[in-house]
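# A look at the structure
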Amino acid sequence: MTARGKKTVRDLRRGSRSTLLRRLYFDGPLSRQELGSITGLSGGSISNVTGELLADGLIEECGSVESDGGRPRILLRVAAGRAHLVGVDVGETQVRVALFDLARTELAASDRPLDDRGHDAGHVAELILTGLAEVLERTGTDPGTVLGVGVGVPGIVEQGAVERGGRVGARGEPGGAGAVVHGQTVGWDAVPLGRMLRAGTDLPLFVDNGAKTLGQAEMWFGAGRGARHAVVALFGSGVGACVIADGARFRGATSSAGEWGHTKVHVGGRRCRCGARGCLEAYVGAEALVARWGAAPPGGGEKAGLAALLGAAGAGDPAAVALLDEAAEYLGAAIADLVNLFNPERIVIGGWAGLLLGPRLLPGIRAAATEYALRFPREQTEIVLGTLGPAAVTVGAATLPLSDFLDSGGEFPRRAEADAAVAPAGLRA
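Residues numbered from 1 in each chain as written. Predicted model: local features only at pLDDT ≥ 70, side-chain atom pairs only at ≥ 80, totals over all residues. Heavy atoms only, no water.

By the element assignment, alanine 276 lies in the loop between β16 (248–249) and α7 (281–284). Distance from alanine 276 to histidine 229, taken between C-alpha atoms, is 30 Å for residues 47 residues apart in sequence. (Helix = DSSP H or I, 4+ residues; strand = E, 2+ residues; numbered from the N terminus.)

Turning our attention to the pattern of salt bridges. Per the counting criterion, the structure on display carries 21 salt bridges. Close ionic contact of arginine 17 with aspartate 56 constitutes a salt bridge, the shortest N to O distance being 3.1 Å. You can see arginine 17 sitting in helix α1 (residues 9–27) and its partner aspartate 56 sitting in the loop between α3 (43–55) and β2 (59–65), a full 39 residues away along the chain. Owing to a relative accessible area of 35%, aspartate 56 belongs among the partly exposed residues under this scheme. Between arginine 96 and glutamate 106 there is a salt bridge; the shortest N-O distance is 2.7 Å. Taken as a pair, arginine 96 in strand β5 (residues 94–101) and glutamate 106 in strand β6 (residues 106–113) lie far apart in primary sequence, 10 residues in all. Residue classification places arginine 96 among the buried positions, given a relative accessible area of 15%. The class for glutamate 106 is partly exposed, based on a relative accessible area of 39%. Here the residues in one salt-bridge network are Arg13, Arg17, Glu52 and Asp56, joined through shared partners. (Salt bridge = Lys/Arg side-chain N within 4 Å of Asp/Glu carboxyl O. Buried < 20%, exposed > 50% of the residue type's maximum accessible area, 1.4 Å probe, protein only.)

Attention now moves to the side chain of serine 31. Examined against the element boundaries, serine 31 turns out to sit in strand β1 (residues 30–31). For serine 31, the contacting residues outside a window of four places in its chain are Arg73, Ile74 and Leu75. (Contact = heavy atoms within 4.5 Å.)

Taken together, five strands build an open sheet; the order of strands is β6-β5-β4-β7-β13 and the sheet is mixed. Only two strands of the sheet have a single neighbouring strand rather than two, namely β6 and β13 (205–209). Neighbouring strand axes in the sheet, compared pairwise and without regard to direction, differ in orientation by 15° on average. Two strands pair when backbone bridges link them, and strand β4 (residues 84–90) and β5 are joined in this way by seven bridges, in the antiparallel orientation. Residue pairing for β5: valine 90 is matched across the bridge by valine 95. Against the sheet, helix α6 (residues 210–221) makes contact with β7 (146–153) and β13, and its axis sits at roughly 100° relative to β13, the strand it touches most. Where helix α13 (residues 392–407) meets the sheet, it contacts β4, β5, β7 and β13, and its direction lies at approximately 140° from that of β4. (Pairing = 2+ DSSP bridges. Axes fitted to C-alpha atoms, helices over the stretch in contact; angles between N-to-C directions.)

Keep in mind that these numbers describe shape and distance, not what the molecule does.
Written out as structure tokens, the structure reads:
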């Protein structure tokens, strides 16, 4: 029996594979010599592990660079087509399902609007599964190459025993058939979304809060890259945040950390969708802004309403200008609270509404943050817009199975054993 805490040869090998895969994924292409100097692994370990990864088809040679007086150095990179990822964004008005390769190239997407049933949990699960079947069938993707389905949802995700395609992981990690969602603003009270999805697919499942998936995407690939302490804010119909502390997402005791939209900016103020009064979301969320303005074109939806609000402000409409200026001040004051509480080096504003309104609001947000925050930490914090676009939640959701894959050293997860017949494309009949 292996002593508790003692690493086996297999553990060490998996760790070396994970280290090299991560370096090649985020920093590649790299030569073996560069990998050695970056990772500190011996030349023998680099040679053995890269040989395994090449044999498994997980990495590939991609040219060479000249060396100082010696033979050219072969460059290595992760093989983009070796595996696939699925990201799902359960948004306010639609469910988006996208299929990516390992280079995050979107191969296919399914955008399915929520009908008059809204966020009825069964309806949402059905849209996810239908979209999943659509993107796999449209691309002819072998389900065996799919590392998993990551789902970003509104609300708090209670992380039960995590299932990684049939393997049970540690508590507290995002994902799996045990995921239960508490989405107060959309009427979800302990919705067993993981179990509902498991009834329709045997692909590995990963479920997490949408703001946290947005945060991971921006930290890995976008405006947060390079920061160790940051906050990534999601500004859409509602408002949320992902807090990054020393490079790791801060979750809190029950994974509800980051519900920034439900911090109070006005005691006894406007009623929020959550039922409380004075929440930040009730003043700067897209739904609230459009409702407060009251002059949006009827039947156009929130995006059309915000676009019209921006247009009116640009034309000098006093009511529109005043509303946007007030929203910038509320956001700046709330960001000042983040600065004072978490001392981040960077705050990234993302989400479809944040990116739409950001160019107009950002100067006011920065000014208000400077006015309300403590001077020294504010001077150390930059406030920027996200760079991944409105689909960042979907990309972030796809990073959930990707992270598991990299942590495992490139191990393909076993799909969950079917409780019923398995239909084509990894879906159950």
